[in-house]
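Per-entry structural report
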Amino acid sequence: RLERRLPRPPSPHTSRSSSAAKASAEMSVAGAIGAAASGMAAGAFSYNRENYMFDAEMRWERFASAREYANQQAEQYRGDIRNLAALTVKKNGLWAVSATLCMALNVALYCAGRLGLHGPSPPAWIM
């Protein structure tokens, strides 16, 4: 059969000075553990801060170079748009010249004029 064991009550013969010494020893151990933990935390903080400050400089360089590349890319895009617009303007200028020459030739061929061709005279707004 199993018996349940309960903690023993303190003996009336133990003195209070030993319990005070025991509590003092426990507090000194807890203090030592706390001091060690705070020292480790301070060391870890300074280690991480040093890495963070080093990484902050690298992060800034990466950010600045990315912005510079983005600006260059936008400038290339603007240049491409300018070149396409200039190409369209030049092409339309050439088409306008050739269309004017074709229209002048058609007016001379199909309408009465200096060439001596017979037919109806051109409208007044053409001449």
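Residues numbered from 1 in each chain as written. Predicted model: local features only at pLDDT ≥ 70, side-chain atom pairs only at ≥ 80, totals over all residues. Heavy atoms only, no water.

Across its full length, the protein carries one helix and zero strands. Put simply, the protein has 127 residues, and 3% of those count as buried. For the protein, the exposed area adds up to about 12,200 Å²; of that, 63% sits on carbon and sulfur atoms. (Helix = DSSP H or I, 4+ residues; strand = E, 2+ residues; numbered from the N terminus. Buried < 20%, exposed > 50% of the residue type's maximum accessible area, 1.4 Å probe, protein only. Areas by Shrake-Rupley, 256 points an atom, 1.4 Å probe, with all protein chains shown as cover.)

Overall, the coordinates contain one aromatic pair when judged by the stated rule. Pairing tryptophan 60 with phenylalanine 63 gives two aromatic rings, centres 5.4 Å apart and planes at 40°, and the pair type is tilted. With tryptophan 60 and phenylalanine 63 both in helix H1 (residues 16-110), this residue pair falls three residues apart, about one helical turn. With a relative accessible area of 54%, tryptophan 60 lands in the exposed category. (Phe/Tyr/Trp six-rings, centres within 6.5 Å; stacked < 30°, edge-to-face > 60°.)

In a structure, side chains of opposite charge can pair up when their charged atoms sit close to one another. One pass over the structure, following the stated rule, counts two salt bridges. As a salt-bridge pair, glutamate 75 and arginine 78 come within 3.4 Å of each other at their nearest N and O atoms. Here the residue glutamate 75 and the residue arginine 78 both occupy positions in helix H1, the gap between them amounting to three residues, near one helical turn. For glutamate 75, the salt bridge goes to arginine 82, with nearest N and O atoms at 3.5 Å. (Salt bridge = Lys/Arg side-chain N within 4 Å of Asp/Glu carboxyl O.)

Right, let's get into a nonpolar patch on the surface. Taken together, Tyr77, Ile81, Leu84 and Leu87 make up a surface patch of nonpolar side chains, about 440 Å² in accessible area. Within the secondary structure, leucine 84 sits in helix H1. The class for leucine 84 is exposed, based on a relative accessible area of 52%. (Patch = residues over 30% accessible without salt bridge, like charges linked within 9 Å, V, L, I, M, F, W, Y side chains within 5 Å.)

Without other data, these values stay purely geometric and don't point to any function.
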